[in-house]
Amino acid sequence: MYKIVLPKLNTKWLGKETIYYKEIDSTQKEIWRRIENKNIDNGTLILADIQTDGIGTHGRKWYTSQEENIAFSFVIYPNIQIQKIENLTVEIAEILLEVFQKIYSIQLAIKNPNDIIINNKKVGGILAETKLRGEQIECLVIGIGINTNQQKFTKEIENIATSIKNEFHIKVDNLEVITEFCNLFEQNMIKRMEE
């Protein structure tokens, strides 16, 4: 584990502190552990090459078994009412599509509310979890996984999952994608917090 600096990051707080793990059980679980221990600042991002117990939606497993993919989670203490994050997951997916369009000129699609797909195969997923005090959000933890450069998938998922590299034959710079996402998503979040 060590801290890294995201290239070309121009946020106020999101991703300013980025902690990298070669291997971890789950970036999402690590964020929650740090919240529990009161040991994590607003906007901290945790990134891993390999997740041994990654979390998907509805308690499913999210596989990050190879080093080529994107797997990260981050925390925000927004101090806003729960209704202010309505449709957040879909907007995160839209921002991710915008990032890939902007950097690589490729079109991805959204399968509502939280999957990113190419040719009807899953390439990414978004997990949004909150801790509430009444109707107020104490903290918001977002996890994002995207199959970027992986080329081989297990028999179990090869018919339903794919990667950007397999579909578009390009190598993705994962840190560039994460940085651009942070730049765009923070703007979205600030708007929600100020409304």
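The coordinates are above.
The notes below deal with the structure included here.

Rules used in this analysis
- Residues numbered from 1 in each chain as written.
- Predicted model: local features only at pLDDT ≥ 70, side-chain atom pairs only at ≥ 80, totals over all residues.
- Heavy atoms only, no water.
- Helix = DSSP H or I, 4+ residues; strand = E, 2+ residues; numbered from the N terminus.
- Expected span 1.5 Å × (residues − 1).
- Buried < 20%, exposed > 50% of the residue type's maximum accessible area, 1.4 Å probe, protein only.
- Polar contact = N/O pair within 3.5 Å; in protein donor to acceptor, adjacent residues only side chain to side chain.
- Core = buried A, V, L, I, M, F, W, Y, C linked by side-chain atoms within 4.5 Å.
- Contact = heavy atoms within 4.5 Å.
- Salt bridge = Lys/Arg side-chain N within 4 Å of Asp/Glu carboxyl O.
- Pairing = 2+ DSSP bridges.
- Axes fitted to C-alpha atoms, helices over the stretch in contact; angles between N-to-C directions.
- Parallel < 35°, antiparallel > 145°, perpendicular 65-115°, else oblique.
- Left-handed = near helix turned anticlockwise from the far one by under 90°.

What to know about helix H4 (residues 174-194)
Okay, so step 1: Its 21 residues give H4 an end-to-end C-alpha distance of 30 Å, which sits within 8% of 30 Å, the value for a rise of 1.5 Å per residue.
Okay, so step 2: A large share of H4 lies buried, amounting to 15 of its 21 residues.
Okay, so step 3: Two or three places before Leu175, at the opening of H4, Asp173 has a side-chain oxygen 3.2 Å from that residue's backbone nitrogen.

Structural notes on the nonpolar core
Okay, so step 1: One finds Phe74, Ile144, Phe181 and Phe185 to be the most contacted residues of the largest nonpolar core, which totals 44 residues.
Okay, so step 2: For this core, the secondary-structure elements that each account for two or more residues are strand E3 (45-55), strand E5 (70-76), helix H2 (88-104), strand E7 (115-118), strand E8 (121-133), strand E9 (136-146) and H4.
Okay, so step 3: For Ile144, the residues in contact, after removing those within four places along its chain, are Ile70, Ala71, Phe72, Phe74, Ile92, Leu96, Gly125, Ile126 and Phe181.

So, the pattern of salt bridges
For side chains bearing opposite charge, pairing can occur when the charged atoms are close.
Okay, so step 1: If you walk through the whole model with that rule in mind, you get 11 salt bridges.
Okay, so step 2: One salt bridge in this structure joins Arg33 and Asp25, with 2.9 Å as the shortest N-O distance.
Okay, so step 3: Judged by its relative accessible area of 35%, Arg33 falls in the partly exposed class.
Okay, so step 4: The salt bridge partner of Glu30 is Arg34, with a shortest N-O separation of 2.7 Å. With Glu30 and Arg34 both in helix H1 (residues 27-36), this residue pair falls four residues apart, about one helical turn.
Okay, so step 5: Judged by its relative accessible area of 10%, Glu30 is buried.
Okay, so step 6: Arg34 sits in the buried class, given a relative accessible area of 13%.
Okay, so step 7: Through salt bridges with shared partners, one network takes in Asp25, Glu30, Arg33 and Arg34.

Comments concerning the pairing of E8
Side chains on a regular strand alternate between the two faces of the sheet.
Okay, so step 1: Here four bridges tie E7 to E8, and the two strands are oriented antiparallel to one another. What sits directly across from Ile116, in E8, is Gly124.
Okay, so step 2: Hairpin remark: E7 followed by E8, antiparallel, with two residues in the connecting loop; positive phi at Asn119, about 50°.
Okay, so step 3: Bridge analysis of E8 against E9 gives 10 bridges, and the strand direction is antiparallel. Along E9, the bridge assignment pairs Ile126 with Ile144.

Examining the environment of Val90
Okay, so step 1: Tracing the backbone shows Val90 in helix H2.
Okay, so step 2: It is 5.5 Å that separates the C-alpha atoms of Val90 and Pro113, two residues lying 23 residues apart in sequence.
Okay, so step 3: With residues up to four places along the chain from it excluded, the contact list for Val90 reads Ile110, Asn112 and Pro113.

Topic: unusual backbone geometry
Okay, so step 1: With an omega of 0°, the peptide bond between Asn112 and Pro113 qualifies as cis.
Okay, so step 2: Assignment of secondary structure puts Pro113 in the loop between strand E6 (109-111) and E7.
Okay, so step 3: Phi is positive for Asn119, which is not a glycine, with a value near 50°.

A short note on the packing of H2 against H4
Okay, so step 1: In contact at an axis separation of 9 Å, H2 and H4 are set at 140° when each is read in the N-to-C sense. Our classification of the angle between H2 and H4 gives oblique. Of the two elements, H2 crosses H4, and the hand of that crossing is right-handed. When H2 is examined against H4, the residues Leu88, Glu91, Ile92, Ile95, Leu96, Glu98, Val99, Phe100, Lys102, Ile103 and Tyr104 are found in contact with a partner set consisting of Glu176, Val177, Glu180, Phe181, Leu184, Phe185, Asn188, Met189 and Arg192.

Remarks on the pairing of E7
Okay, so step 1: Neither face of E7 is left uncovered, since the one carrying Asp115 and Ile117 and the one carrying Ile116 and Ile118 both have all their residues buried.
Okay, so step 2: As paired elements, E6 and E7 share three bridges and run antiparallel to each other. If you follow Ile110 over to E7, its bridge partner there is Ile116.
Okay, so step 3: Hairpin geometry of E6 and E7 is characterised by an intervening segment of three residues between the two adjacent antiparallel strands.

By themselves these figures say nothing about function.
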